[in-house]
Amino acid sequence: MTSTAPTLYYVPRSRATRARWMLEELGLPYRLARLDAAAKETRRPEHLARHPLGHVPVLETADGFLFESVAICLHLAANTALLPPDGTRARALVHQWLFFGVTELEGLLGRYSGERHKPSPDEGRAAHLREKLAAPLAALDAALTGREWLVGASFTVADLIVGALLVWAQRLELLSTLPAARAFAERIAARPAYQRATAD
Ligand SMILES: N[C@@H](CCC(=O)N[C@@H](CS)C(=O)NCC(=O)O)C(=O)O
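Residues numbered from 1 in each chain as written. Predicted model: local features only at pLDDT ≥ 70, side-chain atom pairs only at ≥ 80, totals over all residues.

A. Up close: the overall build of the protein. Looking only at helices and strands, one finds eight helices and four strands in the protein. The secondary structure elements of the protein, listed N-terminal to C-terminal, are β-α-β-α-β-β-α-α-α-α-α-α. The C-alpha radius of gyration of the protein comes to 17 Å, within 12% of the 16 Å expected for a compact globule of 200 residues. Seen along its three principal axes, the alpha-carbon backbone of the protein occupies a region of about 55 × 45 × 30 Å. Burial status across the protein gives 32% buried among its 200 residues. (Helix = DSSP H or I, 4+ residues; strand = E, 2+ residues; numbered from the N terminus. Rg over C-alpha atoms; globule rule 2.2 N^0.38 Å. Buried ≥ 20, exposed ≤ 12 C-beta atoms within 10 Å, placed from the backbone.)

Here's what the structure looks like:
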């Protein structure tokens with residue numbers, strides 16, 4: 001019998017984890033196709049046919065290929081409790097936090113992480129990036145103060161995307177003065193689906 005489970009093209013400890021985590025949250029069956037980015041498997045013609053830049057994640061379903069981690073998570077979460085109905089205020093707030101995460105936070109975190117992991121980090125540049133990160137991180141701390149989740153009373157796709165970013169920020173020791181953001185990152189990292197998705 002042919003399996004209808006989707007295939008996730010995946011590199012561990014990358015943005016592909018978001019899609020794997022969403023599959024785990026929803027309890028969906030899937031096949032993991034691991035690519036070795038260091039060995040340039042992501043630049044082979046067969047992967048460039050799945051993603052024009054040779055990136056991960058890519059989700060393959062019976063309908064074809066889908067790339068961009070947030071698009072994949074939104075697609076998987078459609079018609080589930082993890083995505084409020086279209087047209088509602090809750091849905092608009094989910095979009096707000098998704099875009100906030102990927103436009104105001106993700107790029108800066110990536111640059112800061114890159115600087116910190118250099119053999120000889122430029123301390124001035126790292127301090128400048130930390131200053132720039134302070135405002136979006138404080139905004140998330142304020143939004144999470146007195147709340148368990150970003151939107152409504154339960155975990156949504158916004159928590160998954162922003163949560164992954166805050167777990168990253170916590171590992172970079174950026175949350176020490178932001179108790180609500182830190183507690184949120186800890187709640188996120190303790191979720192069984194997150195742990196299954198990040199076990200490797
Ligand atoms: N905006 C894209 C970013 C995709 C991306 O940059 N993926 C990186 C991993 S985080 C990748 O594919 N790296 C492996 C490579 O380029 O070979 C998304 O969120 O899906």
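B. Focus on the environment of Ala92. Its place among the elements puts Ala92 in helix H4 (residues 89–116). For the pair Ala92 and Asn79, spaced 13 residues apart in sequence, the C-alpha separation works out to 15 Å.

C. Highlighting the sheet that holds strand E4 (residues 64–67). Taken together, the four strands give an open sheet; going across it, the order is E2-E1-E3-E4, and neighbouring strands pair in mixed fashion. Edge positions in the open sheet fall to strand E2 (31–34) and E4, since each of these has one partner strand only. Recorded for the sheet is a direction-independent mean angle of 25° between the axes of neighbouring strands. (Pairing = 2+ DSSP bridges. Axes fitted to C-alpha atoms, helices over the stretch in contact; angles between N-to-C directions.)

D. Here's a closer look at helix H5 (residues 123–144). Taking 1.5 Å of rise per residue, the 22 residues of H5 would be expected to cover 32 Å, and the 30 Å separating its terminal C-alpha atoms lies within 8% of that figure. The largest bend along H5 reaches roughly 30° and is located at Ala134, with the proline Pro136 sitting one to four residues downstream. Restricting attention to buried positions, one finds in H5 the residues Leu129, Leu137, Leu140 and Leu144. Turning to H5, the residues buried within the fold contact H4, helix H6 (157–171) and helix H7 (179–189). Just past H5, the residue Gly146 takes up positive phi, approximately 80°. (Expected span 1.5 Å × (residues − 1). Bend = angle between axes of the 7 residues up to and from the residue. Contact = placed C-beta atoms within 7 Å.)

E. Geometry of unusual backbone geometry. In this structure, the amide linkage connecting Val56 to the following residue, Pro57, adopts the cis form with an omega of 5°. Structurally, Pro57 can be placed in the loop between helix H2 (45–48) and strand E3 (58–61). Phi is positive for Arg13, close to 55°, though the residue is something other than glycine. In this structure, Arg13 sits in the loop between strand E1 (7–10) and helix H1 (16–26). Taking the number of C-beta atoms within 10 Å as the measure of exposure, Arg13 has 8 and is therefore exposed. Although it is not a glycine, Glu68 adopts a positive phi angle of roughly 80°. By the secondary structure assignment, Glu68 is in the loop between E4 and helix H3 (69–77).

F. Quick look at the nonpolar core. Formed by 49 residues in total, the largest nonpolar core has its most connected members in Val157, Ile161, Leu166 and Ala181. Element by element, the count of residues in this core is highest for H6, at nine residues. Both of domain 1 (7–80) and domain 2 (89–196) provide at least three residues apiece to this core. The contacts of Ile161, once residues within four sequence positions are left out, are Arg18, Val70, Cys73, Leu98, Gly101 and Val102. (Core = buried A, V, L, I, M, F, W, Y, C linked by C-beta atoms within 7 Å. Domains from an automatic or database assignment.)

G. Quick look at the site of the ligand. The full set of residues close to the ligand is Val11, Ser14, Arg15, Ala37, Thr42, Gly54, His55, Val56, Pro57, Glu68 and Ser69. Grouping the amino acids of the shell around the ligand by side-chain chemistry returns four nonpolar, five polar and two charged. (Near = placed C-beta within 6 Å. Nonpolar A, V, L, I, M, F, W, Y, C, P; charged D, E, K, R; others polar.)

H. Up close: the domain arrangement of the protein. Here the domain parsing of the protein yields domain 1 (7–80) and domain 2 (89–196). With ten residues of domain 1 in contact, the opposing surface of domain 2 contributes nine residues. Counting residues per element, the ones that place at least two in the side of domain 1 that touches domain 2 are H1 and H3. Ranked by the residues each element gives to the side of domain 1 that touches domain 2, the list is headed by H1, at six residues. For the side of domain 1 that touches domain 2, the per-class residue count stands at six nonpolar, one polar and three charged.

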